[in-house]
Structures are given as structure tokens and as C-alpha cells.
2 protein chains.
Amino acid sequence: MSATIIDGQRVAADLLRKTGTLAADYERAYGRKPSLATVLVGDDPASHTYVRMKANRARSLGLASQAHYLRADSSTEDVSELVRSLSDDDAVDGILVQHPMPPQVDERRVFDSISPAKDVDGVTSASFAAMALGESGFSSCTPGGIIRLLDSYKIDPTGKHAVVVGRSPILGKPVGMLLLTRNATVTFCHSKTRDLDQIVREADIVVAAVGRPELVQGDWIKPGSTVIDAGYNAGNVGDVEYPTAAQRAGFITPVPGGVGPMTIAVLLSQTVEAALRLRGE
Amino acid sequence: MSATIIDGQRVAADLLRKTGTLAADYERAYGRKPSLATVLVGDDPASHTYVRMKANRARSLGLASQAHYLRADSSTEDVSELVRSLSDDDAVDGILVQHPMPPQVDERRVFDSISPAKDVDGVTSASFAAMALGESGFSSCTPGGIIRLLDSYKIDPTGKHAVVVGRSPILGKPVGMLLLTRNATVTFCHSKTRDLDQIVREADIVVAAVGRPELVQGDWIKPGSTVIDAGYNAGNVGDVEYPTAAQRAGFITPVPGGVGPMTIAVLLSQTVEAALRLRGE
């Protein structure tokens, strides 16, 4: 038996298509496109590439995008001030602050200067609390994308044991809390966890979200379970040992083409949603 | 072998004594007492009793306390408006909104109208996110009290498997997230969890926080583990079947006299801390 492969490309393409339609409707109704502002601090080439990709994708879908660049030696207050001005700007619907930021910048303070109504990347404390407490708000994009993948394949987390490996503030913690609001029993594992293999062996849903190649070994996977690999490591390798895991799992996300494509699709979808909500829709 | 009994009365008394000293220092320095404002909506006799107890305890410790009562038919906006005015009032250091509130009141919206700087009961989204993400802020009082009990008995959660039974926004979820920031592997269980007994059997630390008498059976307790009973049910019965559990656990909280006394001690301690922080200390 081998697993059903969760086709993130297809699910993301569906979401992008709907988002494009909503963006066109918005423009007809309000005379301007939904608008995403991106903020990038410093000169990291990879970050510049990411931001450019996101902006291009936004424009190709019928969104407007504006890019803001700050010097690598900017202070927390410099970045927060820009973010606050974007939060107050009626021409901006969504704000994406690319991270990591340079070490002198307090990311949490910068994130929390984003208006929650424009937090389409789901990084504010307000958005985190909304995800964790089951209130309305924007999801962190990768966690939100993972939930959409499960929904798309009709995998209901209710009563299942979900094991999340990783506890970062924008991936492990929010995806675990989203699964908890969806009635899974949720275990958070991390670098200090003992007997990780034993815990993963009990999982009906495994979410690997640490960024360590093949940390989750294939023979740990419970037969028939769902394996979500949110890791991406050099050489197109995920956090799960795919070949063996795919023989045991019931559903599995490939790397690439699984979780990856969902992130930007959720970002742009949430941008259009923010634009509509800001108009009171 | 029988468990060491975690003496919440003693730990709470120590914390109250320190809090009283800090309150007296504060009054000498600033010419007024640290001040707690309580808000109570409606006529529930138990809630009136709780609020009166907290106010009396505050005054006996050298804090000022002011009580605000609203009618049972108050709207979300009525309550939020009062809370916002207390948030803006320089004579108020901490705000406690007694809950549950009447069903027509949106508790989340009321809680989030408390300034996080005065959220000494740890109920705002901002406080929740701070607890979950390891940022500075006030803890929900019972979760914060549980962590203090563990610290007081030198029980380090690092690498231990903590199982939290219950997922309420002010008890189960925050205590689990606090344990996660303290490097425990954390499992959240609830009414939809299958095989609860099997999961509890693996736990090095069990936190029972549901309010169902003796839901956690004594023979589920792993020998030598730590049992924290945050449940309180009629007839002085906790959520754990105490007599058997106490024979197996390494450490256990009794009911009453375990977790219970910590809640008000943390509330008053955080009120004095809020007063000091608002003065820039």
C-alpha cells in the first residue's frame, strides 16, 4: 500500500483562482485593486528573492503590491514606524514584514505594530491568540495552508492524535493550536523532547516543522496516518524521510509541491479577504 | 511509597507575604496603595462572593480595591466601555473582570478591552500570546500559580512529557503553553480525546483542568510523576482520584489546599507588579 499524495500545487492553484476572481470583483466594486505592502529590512539576497516572488505573484493575480525597503542597520523603532504608517494608510489592505530581520530588530515588537485587520501573514500576537482561542482572525500562512490541505482531502482532525514536531511562533505553535481548535488531541515536540520516535509512532497526524532534513524517520510513521511535511531543506529534502514514510502513511505531502505552494496562496487570499473586510464586507 | 504533597497554602502564603511587603514599599514611594478594580456583571451570588473575597484579601494585604457592578442585562459595549475607562484611569493598576458573564456579553471582546499593562488576571489575547510565545506579560492566574508550584518544588518541566486535560482559554491552553515554553513536551487532551487513559499513563506531569470529579483515575498515574489537580468540584473533590493517585505519584496537589490558594495570590502579586511597571520600575 502506498499513500495518497496530497497535491499542494492543485489545492493552491484552486485557491489562487478563487482569489483572482475575488480581486477582480473588488476592483470593479471599489475602483482599485486589493493592495499588499511588503517590508524588507536589509540586504539578504534570499529575502529579496522571496519578496519579489510574492509581489510578482500578487500582481499576476490582479492585486496591487508596493515594496518598502529599509537599511540593514534600521532600529526596531524605524521598522515599527513604517509598519504603523502602513497600518494607518487606507490604500494598503495587507502588510507582510519579511523575516528574519537583522538581529538588532525586535521582531515581536515590529510584528505587533501591524494592525490585526491587515495582518495577512498572521504574525501578530492578536492573530496568534485568535488562532489558539478559535476566534476570527488571520492565520499564519503556512499553518492556515496546512489546515486547508487537510480540509481539501476531507481529513477531519477530530479525535485524532496530532503530533507537531517544532514549536516556532509562526509555524509549530500556531498549527498545533489550529489543530486543537479542530478537536485533535495535540502533542508539541521539540529539541528537548525525549523519545521522539515513540511519540511519532502514536500519531494519526504528524506535522514536521523544524527544518532538519529527514528528522522524522519513515519507519516511525503509523500505517495509515497523515504526514504533513512543512520542512524545506537544501536539495528539495523535507523534514520527513519521504520514501519509507510514503509506503506507510495514508496521506502524505511531498516536498516540494505539498505544503510549500499553500503559503503564498493563503497570503494572497487573506490579502483580498482583508480588503473586503476593511470595506465592511 | 506515597507522594510528596504540594502545599499550595504555604507557597501562596509566601507569595502573599512578599506581595504585602512590595505593596507597603509602593505606598511609601508613591503615596497611594496599588489598586485593583473589579468588574462584576449581573447578580450571580457565587460571583459576588468571589469578588468580595478577592477585594477583602486585597485590602488585608495593603492594596486598594474598588468594585464596579453592572446590571445583568448590560451589553458587550456597556461592559467594554467601563473596562476602557478603567484602563485609562491612572488611579487603577490592575483590572479583574469576573466571569462567566451573562450570555449576551461577548467575553472575548470585553477581555480585550483591558489594557495589557493592567491585565493582572491574564485574560487578554495579548497576555495569552505572551504566555504562549514566551514574551513578557501577565499570566492567567491559575496557570501562573501552577508554574510557581512546580518551581517551588524544583520540578523542572524540561524534557518531561506534560499532559494537560482540558483546553479552556484561561486554564488548559495557557498552562500547556507555559509548560511548552518551559521545554516540556506537551499534550493537550479534551472531551474529544480518544484513549485518554493511555495518554495520561505516559505523562511525567499531569495537569487536570476540566471540572469533572475524579475524571483522571488513580491507576492511570505513572509511578513517580507529578500530578497537578486544578479541578474543583462540589464536596471538595478534584478532577483526580486522589487516594489512589497519591499512592503512585511523586508529587501531588491536594484539593483543597493545592492549586486553589495560588490563584488569588498570583492575582494580587501581579497587581502590585502592574503598579510598579506602570511607574516604570
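A quick note: this is a predicted structure, and the numbers were derived from the prediction, not measured.

S.K.: Is there a simple way to think about the domain arrangement of chain A in this case?
M.R.: The figure often quoted for interface size is the accessible area lost as the parts come together. With domains assigned, chain A is organised as domain 1 (28–115) and domain 2 (140–261). Between the C-alpha centres of domain 1 of chain A and domain 2 of chain A there is a distance of 29 Å.

S.K.: Help me understand the UniProt feature "binding site: NADP(+)" (unreviewed entry) in chain A in this model?
M.R.: In this numbering, the UniProt entry assigns the feature "binding site: NADP(+)" (unreviewed entry) to Gly166(A), Arg167(A) and Ser168(A). One can find Gly166(A) in the loop between strand E5 (161–165) and helix H7 (172–181). Aside from chain neighbours lying at most four places away, what touches Gly166(A) is Gly172(A), Phe188(A), Cys189(A), Ala209(A) and Val210(A). Inspection of the secondary structure assignment puts Arg167(A) in the loop between E5 and H7. Residues contacting Arg167(A), with those up to four places away along its chain left out, are Gly172(A), Lys173(A), Cys189(A), His190(A), Ser191(A), Lys192(A), Leu180(B) and Asn183(B). A polar contact of 2.8 Å, which involves the side chain of Arg167(A), links it to the backbone oxygen of Leu180(B).

S.K.: What exactly am I supposed to notice about unusual backbone geometry here?
M.R.: Residues apart from glycine generally show negative phi values, whereas peptide bonds are mostly found in trans. Going from Val255(A) to Pro256(A), the amide bond is cis rather than trans, its omega being -5°. Along the chain, Pro256(A) turns up in the loop between strand E9 (251–252) and helix H10 (260–278). His99(B) connects to Pro100(B) through a cis peptide bond whose omega is 5°. Among the secondary structure elements, Pro100(B) is positioned in the loop between strand E4 (94–97) and helix H4 (107–111).

S.K.: Any chance you could explain the pattern of salt bridges here in plain terms?
M.R.: A side chain of one charge can pair with a side chain of the opposite charge when the charged atoms of the two come close. All names here are of chain A. Scanning the model with the defined rule gives 26 salt bridges over all chains in all. Here Glu 27 ties to Lys 33 by a salt bridge, and the two come within 3.4 Å at their closest N and O atoms. Residue class for Glu 27 comes out partly exposed when judged on its relative accessible area of 31%. Here Glu 273 ties to Arg 277 by a salt bridge, and the two come within 2.5 Å at their closest N and O atoms. A residue pair is termed a helical-turn pair when its members lie 3 or 4 positions apart in one helix, as Glu 273 and Arg 277 do in helix H10 at four residues. Given the relative accessible area of 29%, Glu 273 is considered partly exposed. Among the ionic contacts, a cluster of salt bridges with common partners joins Arg 10, Asp 14 and Arg 17.

S.K.: Explanation requested: the relation of the copies chain A and chain B in the structure shown.
M.R.: Put simply, the second copy of the chain is the first one after a rotation about an axis and a shift along it. In the superposition of chain A on chain B (RMSD 0.0 Å, axial shift 0.0 Å), the rotation amounts to 180°. Here the copies are linked by what is in effect a two-fold axis. When each C-alpha of chain A is compared by its distance to the rotation axis, Thr187(A) comes out closest, at 2.0 Å.

S.K.: Got a minute to help me understand the sheet that holds E4(B) in this structure?
M.R.: Across a sheet, paired strands are connected by hydrogen bonds in the backbone, their directions being either parallel or antiparallel. Residues and elements named next belong to chain B. Here we have three strands laid out as an open sheet, ordered E3-E2-E4, and parallel in their pairing. Unpaired on one side and paired on the other, strand E3 (64–70) and E4 mark the two borders of the sheet. Neighbour-to-neighbour, the strand axes of this sheet turn through a mean angle of 20°, independent of strand direction. Summarising the sheet, strand E2 (residues 35–41) and E4 pair through four bridges and their orientation is parallel. Bridge pairing in E4 places Ala 37 opposite Ile 95. Where helix H2 (residues 45–60) meets the sheet, it contacts E2, E3 and E4, and its direction lies at approximately 160° from that of E3.

S.K.: I would appreciate a short explanation of the sheet that holds strand E3 (residues 64–70) of chain A in the present structure.
M.R.: All names here are of chain A. Across the sheet, which stays open at both edges, the three strands sit in the order E3-E2-E4 with parallel pairing between neighbours. Of all the strands in the sheet, the pair left with one neighbour each is E3 and strand E4 (94–97). Here the strands of the sheet are splayed against their neighbours by 20° on average, with no regard to which way each runs. Two strands pair when backbone bridges link them, and strand E2 (residues 35–41) and E3 are joined in this way by seven bridges, in the parallel orientation. Considered in E3, the bridge of Leu 36 is made with Ser 65. Against the sheet, helix H2 (residues 45–60) makes contact with E2, E3 and E4, and its axis sits at roughly 160° relative to E3, the strand it touches most.

S.K.: I'm lost on the packing of H7(A) against helix H7 (residues 172–181) of chain B in this one. Help?
M.R.: Working note: a packed helix pair is described by the angle between its axes plus the distance between those axes. One way to put it is that H7(A) packs onto H7(B) with a least axis distance of 13 Å and a crossing angle of 155°. Of the possible angle classes, the one that applies to H7(A) and H7(B) is roughly antiparallel. The handedness of the crossing between H7(A) and H7(B) comes out as right-handed. Here Lys173(A), Met177(A), Leu180(A) and Thr181(A) of H7(A) lie close against H7(B), whose contacting residues are Lys173(B), Met177(B), Leu180(B) and Thr181(B). Its residues assigned to classes, the contact of H7(A) with H7(B) shows four nonpolar, two polar and two charged.

S.K.: Any chance you could explain the nonpolar core here in plain terms?
M.R.: Side chains of nonpolar character tend, in soluble globular proteins, to be buried together. One finds Leu179(A) and Leu179(B) to be the most contacted residues of the largest nonpolar core, which totals 106 residues. In this structure Leu179(B) touches Ile147(B), Leu150(B), Pro157(B), Ala162(B), Val164(B), Ala184(B), Val186(B) and Val207(B), once residues within four positions along its chain are discounted.

S.K.: What is the right way to read helix H6 (residues 141–152) of chain B from this model?
M.R.: One turn of the α-helix equals 3.6 residues, which is why residues spaced by three or four share an orientation. Residue and element names in this part refer to chain B. Under the 1.5 Å per step criterion, the end-to-end length of H6 is 16 Å for 12 residues, consistent within 8% with the ideal 16 Å. Burial within H6 is extensive, with nine of its 12 residues counted as buried. Along H6, the residues that are buried comprise Cys 141, Thr 142, Pro 143, Gly 144, Gly 145, Ile 146, Ile 147, Leu 149 and Leu 150. Among the structural elements, helix H1 (8–30), H7, strand E7 (205–208), strand E8 (226–229) and helix H10 (260–278) are those in contact with the buried residues of H6. Just beyond H6, the residue with positive phi is Lys 154, at close to 55°.

S.K.: Would you explain helix H3 (residues 76–87) of chain B in this entry?
M.R.: Residue and element names in this part refer to chain B. Compared with an ideal rise of 1.5 Å per residue, which puts 12 residues at 16 Å, H3 spans 16 Å between its outermost C-alpha atoms and is within 8% of the ideal. All buried positions along H3 are accounted for by Thr 76, Val 79, Ser 80, Leu 82, Val 83, Leu 86 and Ser 87. Within H3, the buried residues cover an arc of 160° as seen down the axis, which keeps them to one side. Of the surrounding secondary structure, the elements contacted by the buried residues of H3 are E2, E3, E4 and H4.

S.K.: Where do I start with the side chain of Ser80(B) in this structure?
M.R.: Residues and elements named next belong to chain B. Along the chain, Ser 80 falls in helix H3. For Ser 80, a relative accessible area of 2% corresponds to the buried category. Ser 80 has contacts with Arg 109, Val 110 and Ser 113, leaving out every residue within four places of it along the chain.

S.K.: Is there a simple way to think about the pairing of E7(B) in this case?
M.R.: Residues and elements named next belong to chain B. Side chains Ile 205 and Val 207 project from E7 onto one buried face, and the interleaved Val 206 and Ala 208 project onto a second face that is buried too. As paired elements, strand E5 (residues 161–165) and E7 share four bridges and run parallel to each other. Following the sheet pairing, Val 164 is matched in E7 by Val 207. Here E7 pairs with E8 via four bridges, running parallel. The partner of Val 207 across the bridge, within E8, is Ile 228.

Criteria and cut-off values
- Residue numbers restart at each chain and count upward from 1, following the sequence in its written direction.
- Here every chain gets a letter starting at A, and every ligand a number starting at 1, in the order they are written.
- For this predicted model, a pLDDT threshold of at least 70 governs which residues receive local features, and a threshold of 80 or more governs which side-chain atom pairs are given and counted, while totals over whole chains, interfaces and linings are taken from all residues.
- For side-chain calculations, the full set of non-hydrogen atoms in the structure is used, while hydrogens and water are omitted.
- Here the bounds of each domain stem from an automatic or database domain assignment.
- UniProt positions are given in the numbering used here, feature names are shortened, and annotations may be inferred rather than shown by experiment.
- By the criteria applied, helices consist of DSSP H or I runs no shorter than four residues and strands consist of E runs no shorter than two, each listed in order from the N terminus.
- Contact between two residues is taken to exist if any of their heavy atoms lie within 4.5 Å; hydrogens are not considered.
- Two N or O atoms form a polar contact when they lie within 3.5 Å of each other; inside protein one atom must be a possible hydrogen donor and the other a possible acceptor, and for residues adjacent in sequence the pair counts only when both atoms belong to side chains.
- Basic side-chain nitrogens of Lys or Arg form a salt bridge, by our definition, when they fall within 4 Å of a carboxyl oxygen of Asp or Glu.
- Accessible area is worked out with a 1.4 Å probe on protein chains only. A residue is then buried under 20% of its type maximum, exposed over 50%, and partly exposed in between.
- The fit set for superposing copies consists of C-alpha atoms from residues with pLDDT of at least 70 in both; the fit itself is least squares.
- Paired strands, as defined in this entry, are two strands with at least two bridges between them according to DSSP.
- Only the stretch in contact is used when fitting a helix axis, every axis being a line fitted to C-alpha atoms; angles between N-to-C directions are given from 0 to 180 degrees.
- An angle below 35 degrees is treated as roughly parallel, one above 145 as roughly antiparallel, one from 65 to 115 as roughly perpendicular, and anything else as oblique.
- The crossing is said to be left-handed when, going from far helix to near helix, the turn is anticlockwise and less than a right angle, and right-handed when the turn is clockwise.
- Residue classes follow a fixed rule: Ala, Val, Leu, Ile, Met, Phe, Trp, Tyr, Cys and Pro count as nonpolar, while Asp, Glu, Lys and Arg count as charged, and any other residue, Gly among them, counts as polar.
- What we call a nonpolar core is a set of buried Ala, Val, Leu, Ile, Met, Phe, Trp, Tyr and Cys residues that are connected through their side-chain atoms within 4.5 Å.
- The span expected for a helix works out to 1.5 Å for each residue beyond the first.
- Note: the arc covers the axis-to-C-beta directions of the helix.

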